[in-house]
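# Observations on the model geometry
Here is what each chain is made of, one letter per residue.
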Amino acid sequence: MKDRIGWGTWVLSILIVSGLGRSLYLSMDLRELSRERDRLEAEFGKLDIEDPDRVYVTRVKSDAVELPPGVQSGYVWQYRVYLPANYARCTVTNNHLIAAEGARRRGGNSSSSSALRGDAAETIATVAILNVEGDWLFTFTMGGGASTTRLRNSHSFDSFDDLLIDEPFKIGQQKSFSPDDAICLARLRLPEPAETTKDGVDLYLGFSVFLMDTNSQSDFERWAKGEILAMPSSGEDTQ
Amino acid sequence: MFRFRLRTLLLCTFVVAAWLPVIYLGEERKEVEQSLSLLRQMSSELSVVDDEKLCIRQLPWVWQSIRSWKYYLPESEDMEVRFATEGINNLGAPEHFHSASLPVGTHTLSLQTTTKNGNRRFVVYIDSEVVIDITHPPDWIESNSSSSSNLVNSLSTAYPANEPLEILTGWFSESMGNVSLGSVPDECDSKGFRLWLAPGGYKESIAPVFIGSTNGVLSNNWGLRNGARIEFEPVRYPGSNGLIPMVIPSEPKLANTLTISDRLQSVSVRPVVDGKPLLPEKLVSTPAEPSVRILYNSAVQKRIENATERLKLTAKYKDFPGGLKVEVDLFFDRRSPNRVGFLPRLKNENAKVEGWELVTTCDQSFYLHQIGLDQRQLEVSSIDPADLDQSGWYQVPLDQLPIGENHGEFAERVLSMHTTVIDYKKVGQKRPAKNNYGGQPIEQRWIVPEQKDIGLFIQKQSKPTQPTVFLDATKVTLPADPDEPVWLQIEPRDYLR
C-alpha cells in the first residue's frame, strides 16, 4: 500500500507549525514585558503576598511623580496596596487636630467609601500636601477615587520646614495588616501641640489619612474619640 | 494501516505539545500585564513606541483638579491642542473651541479645573506655560456634580497625527439648590470640558442640528438635537396611543416635571366630523402598526441631515373611522427650541372635515392655575361657569392675549398657562408619592396665528375637590384647511426661584 500523506496529516502539521510559531511569538513578547516589569519593580518595589487574606502596603519612591504645573511645592507619599477579596475600602482624612501617633483627633474629618470588591486587587494610593497659589491642599487618590481638603485658616505655616512629616512607612518597606485594622498612610503636623485632651493626649494642627475596611469604621471612630486605645484586631507585620 | 494510525497519534501528540505552552504563556502574559498596568501608572516615563507618530500617555494623578499627560510629537507633524467648555456632545466636536499650537518633541500637557468663589476656571498648560485660560462666572451653570471620561490611559500608545484624538471629556449636571437635575442625554449639548488634539487647521465634524431615525440608540427621536422632539413609543406608553408626544431632553429643568405625566406635552389631533371630534386615542395601536408614525424614507433622512434652521416632518395616522386619512406636518425651529409646530391635513380626495381640534390634557400635578393675558393674569378659578360652553370649555379671547415672536406670515398670539407655586408642599395638598410635583415650575404655551377661524379654549376641573382650581385641558380649534402651524411650547419658569 502506498504511504500517501492525506489531508488529515497536512491539517495536523499546520496546527503543529502554527502552535510553535504562536509559542515563539508569545515567548518573545512575554520576555519583553517581563523585562519592563522587572525594571519598574526594581524602581518601585515588589509586593510579596504571602497570605491573600491580609492587606499589604508597600511605600514606593515618589520622585518619579512630577508635580503638576500651578503647584508651587509639594510632598508626596505613594503606595502599592494589596486588598484582599471582599474588602470594602474606606478612607478617613483628618484635617484639624491630630495626635502624634494613633488615631486620636478632634475637629474636621471626612471619609469616603467604595463598594465592596469581590476579588482581591492591587492598587496605588497617593497622598500629597500641595501648595497651590498660597493655599495648602491635602490630597488623596486611590483606585480612581480622589479627595482634596483645603487647609483651614488656623493652620498657619509657610513652608514644609515648619512641619513634622511623619513617615509611617520607609521607602521600599512593606507591611501586612489584618483586614480589620486601620492603616495610617500619612501624617503631618505642626511641631507644637495646640491643645491637650482630658486624658493627657497632645493634639496638633495637621493632617492624617487612614485606610480601613468599611466594617471597621465604627471601631476607628471610637479609637479616634479615645473610647478605645487601639483597633480591636490591630497587629502589623513588618517585612 | 497500523503505521497510518501511529503517525496520526504521534502528530496529535505534537499538536498538544505545541499548543500547551501557548495556553500557559497566555495566562502568564495576562498576569504580567496586570502588574505592568499598575507599575506604569506610577512611572512618569513615556515610551516612544513609534517615532513617526504621536505617542501619549496619562501621568500619575496627584491632585484631582489637574490631569496631566506626557506626549511625543515628531518634528514633521503639525498639531494643536483644542479645548471647549460648551457644546459638549457625543455626535461631534463642540462648535466653538480654543486652540493652541502643540510643540514638537516630548512635552507635558495638563488641564486644571478649579472652582473659587463660584467662578469656574479651566487652564491648559504645556509644560508649565499657560496656553489656554478660561474663567466662567458663577451663573454660568449651577451644578453640584460632574462626571468625566479619560480616553488616554497610562500605557504609552501611538496614534496617527493626521487625525483628531480626544483626551478628556467631562460633563456638569445641572442642579437647583441642593437638588440634582441629572444630566442631559449624550447627544445634547452640555456644559463641561473637552480636551483634544487635532491636526493644525483641521475642520471638525460638528453634530447635526436635527436628528431622526428608526433604529439605533436615537431611534424614534425626531426633531431638534438640542430642543424639542417627538418621541413615539406606543408600546411604552400604552395610554398615549394616538397622541403625539413632545419631549425636551436637552432641558434638565423640565425632566422631573414632564416625567410625572406625559399628557401635558402630548397632543391629540382630532378631525371634526358632523360636529364631533374623532378621537385618535381610540385608534388601536400595535407594535407592528402604531396608530401614528413618522413618514420616513431616504429623502426625509437627507432633509434631516441638511436642515440647519427649520425642519418639517410628517406624522401619519392609521385610518380614522369612515376611512379618513389624516396626516400632521410637524415643524421644528432652531430659533425657538422648546416648541413644536402642528399643521393637520386630510389626505382623502373625496372626504371633508369641518375643522380640527388639538387637545392637551393635564392633571393637578402641574398646578397650572393662571393664564397670562396681555395686561394681567387670569386665575382659572375666577372663570364664571356661565362663560363655559356646553362641553365645559372656556374660550380665551385672542385679542386679550399677548403677541408672540413672529416666525410666520401672521402675527401670533400666545396663550400661556403657568403656576406661581414655588414650593408645592405649601399648596397643602396631599397626594401619593408618585404624583408628587418634584420639579421646576413650568409654563405651557399655545402660540397661534391671529386668524378669525382659530380658537383657543381651556377647561378647568369640573368637580374641584381641592382648595385651588387647576387646568384640566387646553384646546386649539382650526379650520378645515389651515395654512399656518400652531405651536406648543413648554418652558421652565426660572424667575420664580
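These numbers were taken from a predicted model, which means no experiment stands behind them. (Residues numbered from 1 in each chain as written. Chains lettered and ligands numbered in written order. Predicted model: local features only at pLDDT ≥ 70, side-chain atom pairs only at ≥ 80, totals over all residues. Heavy atoms only, no water.)

For chain A, the helix and strand inventory stands at two helices and 15 strands. Whereas a compact globule of 239 residues would reach a radius of gyration of roughly 18 Å, chain A reaches 25 Å, over 25% beyond that. Once the C-alpha set of chain A is aligned to its principal axes, its extents read approximately 105 × 40 × 30 Å. Out of the 239 residues in chain A, the part that is buried amounts to 48%. Partitioning the intrachain contacts of chain A with sequence separation of at least 6 by distance along the chain shows that 67% fall at a separation of at least 24. Charge separation in chain A, taken as the distance between the mean sites of 26 positive and 35 negative side-chain charges, equals 5 Å. (Helix = DSSP H or I, 4+ residues; strand = E, 2+ residues; numbered from the N terminus. Rg over C-alpha atoms; globule rule 2.2 N^0.38 Å. Buried < 20%, exposed > 50% of the residue type's maximum accessible area, 1.4 Å probe, protein only. Contact = heavy atoms within 4.5 Å. Lys, Arg positive; Asp, Glu negative; His and termini not counted. Charge placed at Lys NZ, Arg CZ, Asp CG, Glu CD.)

For the rest of this paragraph, the subject is the sheet that holds strand E20 (residues 310–317) of chain B. All names here are of chain B. Within the open sheet, the nine strands sit side by side as E19-E20-E21-E22-E31-E28-E27-E24-E25. Their pairing is antiparallel. This sheet does not close on itself; its edge strands, each paired only once, are strand E19 (292–294) and strand E25 (377–379). Adjacent strand axes in the sheet meet at a mean angle of 25° when their direction is disregarded. The sheet contact formed by strand E21 (residues 326–333) and strand E22 (residues 339–346) spans seven bridges and is antiparallel. When the bridges of E22 are listed, Phe331 appears paired with Gly341. (Pairing = 2+ DSSP bridges. Axes fitted to C-alpha atoms, helices over the stretch in contact; angles between N-to-C directions.)

Residue and element names in this part refer to chain B. Scored by pLDDT, chain B comes out at a mean of 84, with 85% of its residues at no less than 70. Residue range residues 234–239 is modelled with pLDDT below 50. Its contacts to residues more than four positions away, or to other chains, number six contacts. Considering only residues more than four positions removed or in separate chains, one finds that residues 424–438, a stretch of pLDDT under 50, has 25 contacts. Prediction confidence for the complex, expressed as pTM and ipTM, is 0.82 and 0.79 respectively. (pLDDT = per-residue confidence, 0-100.)

Our focus in this paragraph is unusual backbone geometry. Residues other than glycine predominantly adopt negative phi, and peptide bonds predominantly adopt the trans conformation. If you check the backbone angles, Asp127(B) has positive phi at about 55° while not being a glycine. Within the fold, Asp127(B) resides in the loop between strand E6 (119–126) and strand E7 (129–136).

Counting from both sides, the interface comprises 53 residues of chain A and, opposite them, 44 residues of chain B. Contact with chain B buries surface across chain A, with Ile16(A), Leu30(A) and Pro69(A) losing the most and accounting together for 14% of the total. Our count for the contact surface shared by chain A and chain B stands at four salt bridges. The shortest N-O distance in the salt bridge between Glu45(B) and Arg39(A) comes to 3.1 Å. Remark: the boundary between chain A and chain B carries 10 residue pairs in polar contact (both at pLDDT 80 or more). (Buried area = accessible area lost by both parts, 1.4 Å probe. Salt bridge = Lys/Arg side-chain N within 4 Å of Asp/Glu carboxyl O. Polar contact = N/O pair within 3.5 Å; in protein donor to acceptor, adjacent residues only side chain to side chain.)

Before going further, it helps to examine the side chain of Arg67(B). Residues and elements named next belong to chain B. Note that Arg67 resides in strand E2 (residues 66–73). Despite being buried, Arg67 has no salt bridge partner; Glu166 is the closest side chain of opposite charge, sitting 12 Å away. Polar side-chain contacts of Arg67 include one of 3.2 Å to the side chain of Ser148. In this view, Arg67 contacts Trp61, Leu109, Ser110, Leu111, Ser148, Asn150 and Leu168; residues no more than four positions away in its chain are not counted.

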